[in-house]
Each structure stands twice: as structure tokens, then as C-alpha cells.
Amino acid sequence: QCVAAFAVSAVASQWERTGKPFNPLLGETYELIREDLGFRFISEQVSHHPPISAFYSEGLNQDFLFHGSIYPKLKFWGKSVEA
């Protein structure tokens, strides 16, 4: 029970972070370019409530393309948690 609660909590993804949790505003973007690993990643917050992030990633050598969206859902049913 404690492990499940921790896994779905905001703390789980920030175990070694002491700052504010990542909670982007609507329209806020994040870009990461890793030339050493050969990819570029761009993400944008397209909805704040419910939180939905859209992302696009591509290989710098045009060898792959990946895009989609993240729409996390969490429900607390009293004695259980659904993620």
C-alpha cells in the first residue's frame, strides 16, 4: 500500500530533486538536443486541466521520428488506486 502510494505520488519522479515539481503552464515548451546521442526532443503543454503534453522527437540523422501525447489519469477508489 505504501509502495503504490509512493509510486503514483509526485515525489516518485523527483526522488533526488528538492525544487518545485515540474508543472508546466499551458503553452510552455521544453526542448532537448543531445548531439552526443543523436536526437532532438520537443514537448509542449497543450492542456493544463486535465494535464496533457504533446511531444515530438527525431533523430539528428533523420533515422527515426516519434511523436505523441501524454494524458495521465489517476483515480483514487477509497481502498485502491488506478493509474
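Not measured: the values here are computed from a predicted model.

Looking at unusual backbone geometry
One non-glycine residue with positive phi stands out, namely Gln62, at about 60°. Mapping Gln62 onto the fold places it in the loop between strand 3 (52-59) and strand 4 (65-70).

Here's the deal with the pairing of strand 1 (residues 29-34)
Two elements, strand 1 and strand 2 (residues 39-47), share six bridges in a ladder whose sense is antiparallel. Note on strand 2: the bridge partner recorded for Arg34 is Phe39. Adjacent in sequence and paired antiparallel, strand 1 and strand 2 are bridged by four residues, among which Gly38 carries a positive phi angle near 80°.

Structural notes on the packing of aromatic side chains
What the rule picks out here adds up to two aromatic pairs. Centre to centre, the rings of Phe41 and Phe55 are 6.1 Å apart; their planes meet at 25°, and the pair counts as stacked. A residue pair is termed long-range when its members are at least 10 positions apart, and Phe41 in strand 2 and Phe55 in strand 3 qualify at 14 residues. For Phe55, a relative accessible area of 13% puts it in the buried group. The structure contains a cluster of three or more aromatic residues connected by ring pairs, namely Phe41, Phe55 and Phe66.

Examining the side chain of Ser53
In this fold, Ser53 is placed in strand 3. Here the side chain of Ser53 touches Gln45 through a polar contact of 2.7 Å, side chain to side chain. Ignoring any residue separated from it by four or fewer positions in sequence, one finds Ser53 in contact with Ser43, Glu44, Gln45, Gly68, Ser69 and Ile70.

Looking at the pairing of strand 4
In terms of burial, strand 4 is a largely surface element, zero of the six residues being buried. For strand 3 and strand 4, the ladder comprises six bridges, and the chain directions are antiparallel. The partner of Ser57 across the bridge, within strand 4, is Phe66. The turn joining strand 3 and strand 4, which pair antiparallel and follow one another in sequence, is formed by five residues; a positive phi near 60° is taken by Gln62.

Regarding the environment of Phe41
Residue Phe41 is classed as partly exposed on the basis of its relative accessible area of 23%. As for Phe41 and His67, which are separated by 26 residues in sequence, their C-alpha atoms are 9.4 Å apart. Apart from residues lying up to four places away in sequence, Phe41 is in contact with Tyr30, Glu31, Leu32, Phe55, Tyr56 and Ser57.

Rules used in this analysis
- Residues numbered from 1 in each chain as written.
- Predicted model: local features only at pLDDT ≥ 70, side-chain atom pairs only at ≥ 80, totals over all residues.
- Heavy atoms only, no water.
- Helix = DSSP H or I, 4+ residues; strand = E, 2+ residues; numbered from the N terminus.
- Pairing = 2+ DSSP bridges.
- Phe/Tyr/Trp six-rings, centres within 6.5 Å; stacked < 30°, edge-to-face > 60°.
- Buried < 20%, exposed > 50% of the residue type's maximum accessible area, 1.4 Å probe, protein only.
- Polar contact = N/O pair within 3.5 Å; in protein donor to acceptor, adjacent residues only side chain to side chain.
- Contact = heavy atoms within 4.5 Å.

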